[in-house]
Amino acid sequence: MKTLRMSALIVGAVVVALLPVALLLFRTTTGFTSDWYNNLWMTGYFWKHLSVHHTFPYVFNADQVGIGFPVFYGALLYPSMAVLGLVTGPNWALRLTCI
């Protein structure tokens, strides 16, 4: 019985701590800082590349410049958000990953 109460107390504390932050993520009309839009663009790029080519990109090809960012950073983060984005879209994939 004590462990059940302790578990309920821990879950309640986590919900109270995360709820104010999570509520901000549901305001889809606004963004956050410039980093938010950069990550949203990268998520969208992975999402689009996955939906068209059925593979994940090794580089970002934008304006005839190949940036090797995906090879070194975000090797698991952006592909997982792209897979989630197939169901929800890149905007919600980024928001749900933040939660």
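Residues numbered from 1 in each chain as written. Predicted model: local features only at pLDDT ≥ 70, side-chain atom pairs only at ≥ 80, totals over all residues. Heavy atoms only, no water.

**Side note on unusual backbone geometry**
At step 1: We note that His54 has phi near 60 degrees; this positive angle belongs to a residue other than glycine.
At step 2: By the element assignment, His54 lies in the loop between α2 (34-53) and β1 (60-62).
At step 3: According to the relative accessible area criterion, His54 is exposed, its value standing at 63%. (Helix = DSSP H or I, 4+ residues; strand = E, 2+ residues; numbered from the N terminus. Buried < 20%, exposed > 50% of the residue type's maximum accessible area, 1.4 Å probe, protein only.)

**Some remarks on the side chain of Arg95**
At step 1: Considering the arrangement of structural elements, one finds Arg95 in helix α5 (residues 90-98).
At step 2: Relative accessible area serves as the criterion here: at 2%, Arg95 is assigned to the buried category.
At step 3: Only 3.0 Å separates the side chain of Arg95 from the side chain of Asn91, close enough to count as a polar contact. (Polar contact = N/O pair within 3.5 Å; in protein donor to acceptor, adjacent residues only side chain to side chain.)

**Quick look at the confidence of the model for the chain**
At step 1: Per-chain confidence: the chain averages 82 in pLDDT, with 90% of residues scoring 70 or above.
At step 2: Averaged pLDDT values for the elements of the chain fall to 66 in strand β2 (residues 65-67) and rise to 91 in helix α4 (residues 77-88). (pLDDT = per-residue confidence, 0-100.)

**Considering the packing of α2 against α5**
At step 1: At a minimum axis distance of 9 Å, the contact between α2 and α5 shows a crossing angle of 120 degrees. The orientation of α2 with respect to α5, classified from their angle, is oblique. Considering how the two elements wind past one another, α2 and α5 form a crossing that is right-handed. Seen from α2, the contacting residues are Trp36, Asn39, Leu40, Thr43, Gly44 and Trp47; seen from α5, they are Pro90, Asn91, Leu94, Arg95 and Cys98.
At step 2: Residues that form the contact of α2 with α5 fall into these classes: 6 nonpolar, 4 polar and 1 charged. (Axes fitted to C-alpha atoms, helices over the stretch in contact; angles between N-to-C directions. Parallel < 35°, antiparallel > 145°, perpendicular 65-115°, else oblique. Left-handed = near helix turned anticlockwise from the far one by under 90°. Contact = heavy atoms within 4.5 Å. Nonpolar A, V, L, I, M, F, W, Y, C, P; charged D, E, K, R; others polar.)

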